[in-house]
Amino acid sequence: MQTKMMAAAGVLFSVAGLASAQTATWQGEGSLSAGVTTGNTDTRDLGLGLKLNRDSDLWRTGVEALADYGEIDGAESKNRIFLAGQLDRKLGERAYVFGRGSYEADEFSGFDSRIFLGGGAGYTILTGEKASWSVEGGPGIKIDEVKEQVVLPGPVIIPAETVESFSVVGASKFAYAFNENVKLSNDTSVLYAEESTQLTNSLALTAALTGALSARVSFDVRHDTNPPIGFEDTDTATRVSLVYAFGS
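Notes on the structure in this doc start here. No experiment lies behind these values; they were computed from the predicted model shown.

A few points about the overall build of the chain
The helix and strand inventory of the chain stands at one helix and 14 strands. Considering only contacts within the chain whose residues lie at least 6 apart along the sequence, 52% involve residues at least 24 apart. Accessible area for the chain stands at about 13,500 Å²; split by element, carbon and sulfur atoms hold 60% of it.

Side note on the environment of Leu117
Residue position: Leu117 is located in strand 6 (residues 111-127). Once the C-alpha coordinates of Leu117 and Gly101 are considered, the two residues, 16 residues apart in sequence, prove to be 4.5 Å apart.

Comments concerning the pairing of strand 6
Where strand 5 (residues 95-106) meets strand 6, ten bridges bridge the pair, whose relative direction is antiparallel. If you follow Ser102 over to strand 6, its bridge partner there is Phe116. Linkage of strand 5 to strand 6, two consecutive antiparallel strands, is achieved through a turn of four residues. Pairing of strand 6 with strand 7 (residues 131-146), which is carried by 13 bridges, proceeds in the antiparallel orientation. Across the sheet, Phe116 pairs through a bridge with Lys142, a residue of strand 7. Between the antiparallel neighbours strand 6 and strand 7 lie three residues.

Notes on the side chain of Gln198
Checked against the element boundaries, Gln198 lands in strand 12 (residues 198-210). In terms of polar contacts, Gln198 uses its side chain to reach the side chain of Glu104, at 3.5 Å. A distance of 3.2 Å separates a polar atom in the side chain of Gln198 from a polar atom in the side chain of Lys142. Dropping the residues within four chain positions of it, Gln198 is found in contact with Glu104, Arg114, Lys142, Ser189, Val190, Leu191, His223 and Asp224.

Observations regarding the pattern of salt bridges
Two side chains of opposite charge can pair, provided their charged atoms sit close to one another. As enumerated under the stated definition, the model contains twelve salt bridges in all. With a closest N to O distance of 3.0 Å, Asp88 and Arg60 form a salt bridge. Of this pair, Asp88 sits in strand 4 (residues 75-90) while Arg60 sits in strand 3 (residues 59-72), placing them 28 residues apart in sequence. Arg60 sits in the partly exposed class, given a relative accessible area of 26%. Among the ionic pairs, Asp235 bridges to Arg222, the shortest N-O distance being 3.9 Å. Note that Asp235 is positioned in strand 14 (residues 234-246) and Arg222 in strand 13 (residues 213-224), a separation of 13 residues in sequence. Asp235 gets classed as buried once you look at its relative accessible area, which sits at 13%. Taken together, the salt bridges that share partners define one network made up of Arg114, Lys142, Asp144 and Asp224.

About the criteria used
- Residues numbered from 1 in each chain as written.
- Predicted model: local features only at pLDDT ≥ 70, side-chain atom pairs only at ≥ 80, totals over all residues.
- Heavy atoms only, no water.
- Helix = DSSP H or I, 4+ residues; strand = E, 2+ residues; numbered from the N terminus.
- Contact = heavy atoms within 4.5 Å.
- Areas by Shrake-Rupley, 256 points an atom, 1.4 Å probe, with all protein chains shown as cover.
- Pairing = 2+ DSSP bridges.
- Polar contact = N/O pair within 3.5 Å; in protein donor to acceptor, adjacent residues only side chain to side chain.
- Salt bridge = Lys/Arg side-chain N within 4 Å of Asp/Glu carboxyl O.
- Buried < 20%, exposed > 50% of the residue type's maximum accessible area, 1.4 Å probe, protein only.

Quick look at the structure:
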C-alpha cells in the first residue's frame, strides 16, 4: 500500500509540473541554516531547504524540500527530511481548489515515515501590497509507519505497524512586508488523523542583505497529540539562515 501511495504522490507532482502553462517560469529560494533543536533531540544541526513555485493564469504549483542533520560528539543526533508538492486550480481572483502530497522521514521520532495525500479548497483573504493571507483545508488519507517500541520495565515489545486513516488538513499562510527589505511570515498547519494529529507553526523574519541574498531568523514548533511511548510530543527548532532567491 505504501508503494502505491508513493507512486500516486509521484504522479501528483508530475501532473503539477505539466499543468502549469509553458510560459510560466519557476521562482523560489534555496536556504542554508544553522539551528538548535529541542524535544526528541536536543542538538545543534544544519539544514538545507528548497522552495519552488510556478504561477500561470489557471494553475499554481508549489514544491518544498527540507533536510536537517545534526551530530553530538560524533554521533548522529538528527536526521529528518520533508518533501511536499501542491497543485492549485484557480477558480477566480481569490478562491481555488488544490491537491497535495507530502512525505516525512525522521530518524529520531517514533515513526519511520509519514505520508499524506489529499485535497480541498482554499481562499485568499488578503491580497494587499503589504499583507497577504490565505487559508485552505480538505480531506485526505494519512499513512503512519510506526516504529517498534520497547516499553520498560519488562521489557514489553510493541511491534511496528502501518496505520492508515482518514485525515483532514488545514493551513493558514500569512505574510507582512514592513518595507521592501523586511518581511514577516507565519505559516500554520493542522493534519488531523485517528492515529495522531500533527500541528506545526513556523514564524520567520527575513531581511534583504544584497541582491538576491537575504538573512532569516525562524522559530518552528511541531506538536504531535499522540506520539509513540517514550517520545516527546513537541519539538522546536530555532534557526538562522542564509536565503538565496531566484527566478524573480
